[in-house]
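Next come the chains, spelled out residue by residue.
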Amino acid sequence: MARKHNFAYLSFLLIPIMHFTSPDLFSLMGIQPYWPLLLLLPLVSKKKSSIGLFLGLLLGVFLDSLNESPYTQVPGLAVAGLWFGKINNYNQKSIEPMQYGLFACLASFICGLLYFLQIFYKHFGDTSPYLIPYGIKIILIKVVLTGLFAPLLCPWLDHWFNVGYSNNKFNR
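Since this is a predicted model, take the numbers as computed values, not measurements.

**Side note on the environment of F62**
At step 1: Relative to the helices and strands, F62 resides in helix α4 (residues 49-66).
At step 2: Its relative accessible area of 27% is what places F62 among the partly exposed residues.
At step 3: Once the C-alpha coordinates of F62 and V74 are considered, the two residues, 12 residues apart in sequence, prove to be 9.2 Å apart.

**Focus on a nonpolar patch on the surface**
At step 1: Together, V79, F109, I110, L113 and L117 make up a nonpolar patch on the protein surface, roughly 380 Å² of accessible area in all.
At step 2: When residues in the nonpolar patch are grouped by element, the largest group, 4 residues, is from helix α6 (residues 97-122).

**Focus: unusual backbone geometry**
At step 1: Positive phi, normally seen in glycine, also occurs at M29, with a value near 55°.
At step 2: Here M29 is to be found in the loop between α2 (14-21) and α3 (35-44).
At step 3: With a relative accessible area of 58%, M29 lands in the exposed category.

**Some thoughts on the environment of C105**
At step 1: As for its position among the elements, C105 is in helix α6.
At step 2: Classification of C105 by relative accessible area gives partly exposed; the value is 22%.
At step 3: C105 sits 40 residues away from L145 along the chain, and the two C-alpha atoms are 8.4 Å apart.
At step 4: Every residue in contact with C105, bar those within four places of it in the chain, is listed here: V143 and G147.

What counts, and at which threshold
Residues numbered from 1 in each chain as written. Predicted model: local features only at pLDDT ≥ 70, side-chain atom pairs only at ≥ 80, totals over all residues. Heavy atoms only, no water. Helix = DSSP H or I, 4+ residues; strand = E, 2+ residues; numbered from the N terminus. Buried < 20%, exposed > 50% of the residue type's maximum accessible area, 1.4 Å probe, protein only. Patch = residues over 30% accessible without salt bridge, like charges linked within 9 Å, V, L, I, M, F, W, Y side chains within 5 Å. Areas by Shrake-Rupley, 256 points an atom, 1.4 Å probe, with all protein chains shown as cover. Salt bridge = Lys/Arg side-chain N within 4 Å of Asp/Glu carboxyl O. Contact = heavy atoms within 4.5 Å.

Below is the structure:
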């Protein structure tokens, strides 16, 4: 049983692999789905919201340390982790695959919007008129791709992450 929980912690290594190798098979117009949400959603959906907030912050800091961008992913992933942790409050035994897609779409939109607002705020005076439509296009493509991949990947990851979770001391 401990072996299954180790998979959940080691899966943090999947995010930089998927993010930096960027398989073209999973892209649309050169834009990838938001891979961190596809890991965070099943990892946090059966846990408390404080654990979700912590794992969202941890994942955001981990990704920001690998990236040279002056913009951060921490706020979006922290909000998503907090929100995904509240899913457990609805006393739902399992989440349907299409619900994973809906949750991932909404969270991807929030994360993309927070990231875009950082870019827009920094370049407010000298923005090109093409920045806003291009940013909206990227956000919408990420939302669609993340929503399409979530029903495929999240139930499988949820099974691996939460096997034996009822015996876990953090669930009590």
